[in-house]
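Listed below are the residues making up each chain.
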Amino acid sequence: DLEKALKSMMAPKFADRQIGLVEVRQLFKISSVGTIAGCFVLDGKVKRDAKVHVIRGGKQVAEAQIESLKIQQIA
């Protein structure tokens, strides 16, 4: 019983939740900044400072945080 109680106290207090889904259309490499991903929002929304999971072929290949956004409306 003590072991179960300890495991429940050690459970993570934060859980990931999906707020949006984007598709990377093009990568731009800029020497002074790094790599910039040109993305298209498929579902939901994208927020500045949100955590992103990069998934390729059904496997997570990277985890990062959005540093800045530049929004362009498509007519």
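Below, the structure is looked at part by part. (Residues numbered from 1 in each chain as written. Predicted model: local features only at pLDDT ≥ 70, side-chain atom pairs only at ≥ 80, totals over all residues. Heavy atoms only, no water.)

### So, the pairing of strand β4 (residues 59–65)
Pairing between strand β3 (residues 51–56) and β4: six bridges, direction antiparallel. By the bridge assignment for β4, V54 is matched with A62. Counted along the chain from β3 to the antiparallel partner β4, the turn is two residues long, and its residue G57 has a positive phi close to 65 degrees. (Pairing = 2+ DSSP bridges. Helix = DSSP H or I, 4+ residues; strand = E, 2+ residues; numbered from the N terminus.)

### Here's the deal with the environment of V61
Checked against the element boundaries, V61 lands in strand β4. Taking relative accessible area as the criterion, V61 reaches 47% and is therefore assigned partly exposed. Dropping the residues within four chain positions of it, V61 is found in contact with V54 and R56. (Buried < 20%, exposed > 50% of the residue type's maximum accessible area, 1.4 Å probe, protein only. Contact = heavy atoms within 4.5 Å.)

### Some remarks on the pattern of salt bridges
Throughout the structure, instances matching the rule amount to two salt bridges. The residue E23 makes a salt bridge to R25 at a minimum N-O spacing of 2.7 Å. Taking the relative accessible area as the measure of exposure, E23 reaches 35% and is therefore partly exposed. K51 is the partner of E63 in a salt bridge, and the nearest nitrogen-oxygen pair spans 3.7 Å. Of this pair, E63 sits in strand β4 while K51 sits in strand β3, and the two are twelve residues apart along the sequence. (Salt bridge = Lys/Arg side-chain N within 4 Å of Asp/Glu carboxyl O.)

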